[in-house]
Amino acid sequence: MNIFIMGAPGSGKGTFSSRIKEEFNLNHISTGDIFRENIANETELGLQAKSYTEKGLLVPDEITNNMVKEYLSHLADKKNGYLLDGYPRTLDQAKAFEEMTKGTDLAVEKIVVMDVPFDELTRRITGRRLCKKCGAIFNIYSKPPKTEGVCDECGSALTQRKDDNEESLKVRLDEYAKNTEPVIAYYEEKGMVSRIDASKAIDAIWPELKETLKNKLIALIINRRNLLALFYISRFC
């Protein structure tokens with residue numbers, strides 16, 4: 001099962017990607033990981049991307065699309081499919097990826113959208129506190145540390161990212177609405193999207209999300225069996 005997980009900053013994509021990966025044995029991939037690996041390994045596409053990023057320019061869609069496809073094509077362990085986070089970001093990327101993977105086992109089969117209202121996103125983003133030493137994450141509203149400003153895990157000082165403020169969040173959400181919402185609408189027209197109410201507590205969201213993906217997996221299995229049966233009928237009957 002091949003999945004795109006989408007949602008605004010702070011919607012919980014990272015949290016639930018980990019659970020989906022483990023539950024369904026999928027490769028969890030972010031476009032950031034793909035870019036870093038290609039640039040570090042100095043692949044042809046990585047060098048092309050680097051020539052743009054070093055100048056502070058956006059990497060053209062054509063390079064991004066080819067990089068994603070190449071990465072997925074050469075996974076050492078295909079597992080049961082992939083869960084891709086951070087792609088596609090634009091409608092042009094979505095259409096190009098669809099064209100490149102049409103009729104292959106890399107074609108996307110499900111789009112999961114994590115929906116969270118603006119007020120809740122603001123609480124999650126502005127309340128986030130990070131421990132640079134051990135990587136623990138807290139939130140002063142929903143998961144505060146026992147001692148204000150101090151990590152429960154290692155006792156180090158907690159910090160706040162410079163862009164974890166309401167002004168920066170609004171800029172990121174405006175960008176998301178401009179570029180990514182049309183991608184979601186495109187897939188919704190194809191009947192591929194499941195919207196998950198991600199404003200609830202994690203333990204309340206996960207059962208709904210898991211059931212949605214299990215139902216899709218069952219539908220895919222049934223469809224593949226039907227196609228196989230039709231093949232045998234046409235071939236041998």
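Further up the page is the structure itself.
Residues numbered from 1 in each chain as written. Predicted model: local features only at pLDDT ≥ 70, side-chain atom pairs only at ≥ 80, totals over all residues. Heavy atoms only, no water.

**Q** What is the right way to look at the sheet that holds strand S5 (residues 128-131) in this model?
**A** The strands making up a sheet are joined through hydrogen bonds of the backbone, oriented either antiparallel or parallel. Spatial ordering of the open sheet is given by S6-S5-S7, a layout of three strands whose pairing is antiparallel. Of all strands in the sheet, those with a lone pairing partner are strand S6 (137-139) and strand S7 (158-159), marking the two edges. Of the pairings in the sheet, the one linking S5 to S7 comprises two bridges and is antiparallel in character. Its bridge partner being in S7, Cys 131 is matched across the sheet by Leu 158. Packing of helix H6 (residues 118-126) onto the sheet brings it into contact with S5 and S6, and relative to S5 it is tilted by some 25 degrees. (Pairing = 2+ DSSP bridges. Helix = DSSP H or I, 4+ residues; strand = E, 2+ residues; numbered from the N terminus. Contact = heavy atoms within 4.5 Å. Axes fitted to C-alpha atoms, helices over the stretch in contact; angles between N-to-C directions.)

**Q** What am I meant to see in the sheet that holds strand S1 (residues 3-7) here?
**A** Strand order in this open sheet of five strands is S2-S3-S1-S4-S8, and the pairing throughout is parallel. Here the strands that pair on one side only, and so sit at the sheet edges, are strand S2 (27-30) and strand S8 (193-197). Taken pair by pair, the neighbouring strands of this sheet meet at an average axis angle of 25 degrees, ignoring direction. Of the pairings in the sheet, the one linking S1 to strand S3 (residues 82-85) comprises three bridges and is parallel in character.

**Q** Got a minute to help me understand the state of the cysteines in this structure?
**A** Per the stated rule, a full pass over the model turns up zero disulfides. Cys 131 carries a free sulfur, and the closest cysteine sulfur to it, the one in Cys 154, is 3.5 Å from it. For Cys 131, a relative accessible area of 4% corresponds to the buried category. (Disulfide = S-S within 2.5 Å. Buried < 20%, exposed > 50% of the residue type's maximum accessible area, 1.4 Å probe, protein only.)

**Q** Got a minute to help me understand the packing of aromatic side chains in this structure?
**A** How two aromatic rings sit relative to each other is set out by the distance from centre to centre and by the angle between their planes. In the structure shown here, the tally under the stated rule is six aromatic pairs. Arranged with centres 5.5 Å apart and planes meeting at 80 degrees, the rings of Tyr 87 and Phe 97 form a pair that is edge-to-face. You can see Tyr 87 sitting in the loop between S3 and helix H5 (91-101) and its partner Phe 97 sitting in helix H5, a full 10 residues away along the chain. As far as burial versus exposure is concerned, Tyr 87 and Phe 97 are alike and both buried. Linked through ring pairs, Phe 4, Tyr 82, Tyr 87, Phe 97, Tyr 186 and Tyr 187 together constitute an aromatic cluster. For the cation-ring pair, Lys 143 lies above Phe 138, with the distance from its terminal atom to the ring centre recorded as 5.7 Å. (Phe/Tyr/Trp six-rings, centres within 6.5 Å; stacked < 30°, edge-to-face > 60°. Lys NZ or Arg CZ within 6 Å of the ring centre and 35° of its normal.)

**Q** Before we go on, may I ask you to explain the packing of helix H7 (residues 166-179) against helix H8 (residues 181-189) in this structure?
**A** The description of two packed helices rests on the angle between their axes and on the distance between the axes. Their axes nearest at 4 Å, the elements H7 and H8 cross at an angle of 35 degrees. Contact residues: H7 offers Tyr 176, Ala 177, Lys 178 and Asn 179, while H8 offers Glu 181, Pro 182, Val 183 and Ile 184.

**Q** What exactly am I supposed to notice about H5 here?
**A** Residues spaced three or four apart along an α-helix point in a common direction, a consequence of the helix completing one turn every 3.6 residues. Residues of H5 that are buried: Gln 93, Ala 94, Phe 97 and Thr 101. Looking down the long axis of H5, one finds its buried residues gathered within 100 degrees of arc, a one-sided arrangement. Seen from the buried face of H5, the exposed residues on the opposite side, beyond 90 degrees, are Asp 92 and Glu 99. Packing partners of the buried residues in H5 comprise S1, helix H4 (61-73), S3 and H8. Positive phi appears at Gly 103, one or two residues downstream of H5, with a value of about 80 degrees. (Arc of directions from axis to C-beta.)

**Q** Help me out: how do you make sense of the pairing of S1 in this one?
**A** Note on strand geometry: in a regular strand, side chains alternate between the two faces of the sheet. Counting buried residues in S1 gives five out of five residues, a clear majority hidden from the surface. Side chains Ile 3, Ile 5 and Gly 7 of S1 all project onto a buried face; the interleaved residues Phe 4 and Met 6 project onto the opposite face, where all are buried too. As paired elements, S1 and strand S4 (residues 110-115) share five bridges and run parallel to each other. What sits directly across from Ile 3, in S4, is Lys 110.

**Q** Would you mind going over helix H2 (residues 31-40) with me for this structure?
**A** All buried positions along H2 are accounted for by Thr 31, Ile 34, Phe 35 and Asn 38. Across the axial projection of H2, the buried residues extend over an arc of 95 degrees, all falling on one side. Pointing more than 90 degrees away from the buried face of H2 are the exposed residues Arg 36 and Ala 40. In this structure, the buried residues of H2 make contact with S2, helix H3 (44-53), H4 and S3. Where H2 terminates, the next one or two residues include Glu 42, which has phi positive at roughly 50 degrees.

**Q** What am I meant to see in the pattern of salt bridges here?
**A** Side chains that differ in sign of charge can pair as their charged atoms come close. For the structure shown, the criterion picks out 15 salt bridges. The residue Glu 181 makes a salt bridge to Arg 195 at a minimum N-O spacing of 3.9 Å. Placement of the pair is Glu 181 in helix H8 and Arg 195 in strand S8, with a sequence separation of 14 residues. Here Glu 181 falls in the partly exposed class, since its relative accessible area comes to 31%. (Salt bridge = Lys/Arg side-chain N within 4 Å of Asp/Glu carboxyl O.)

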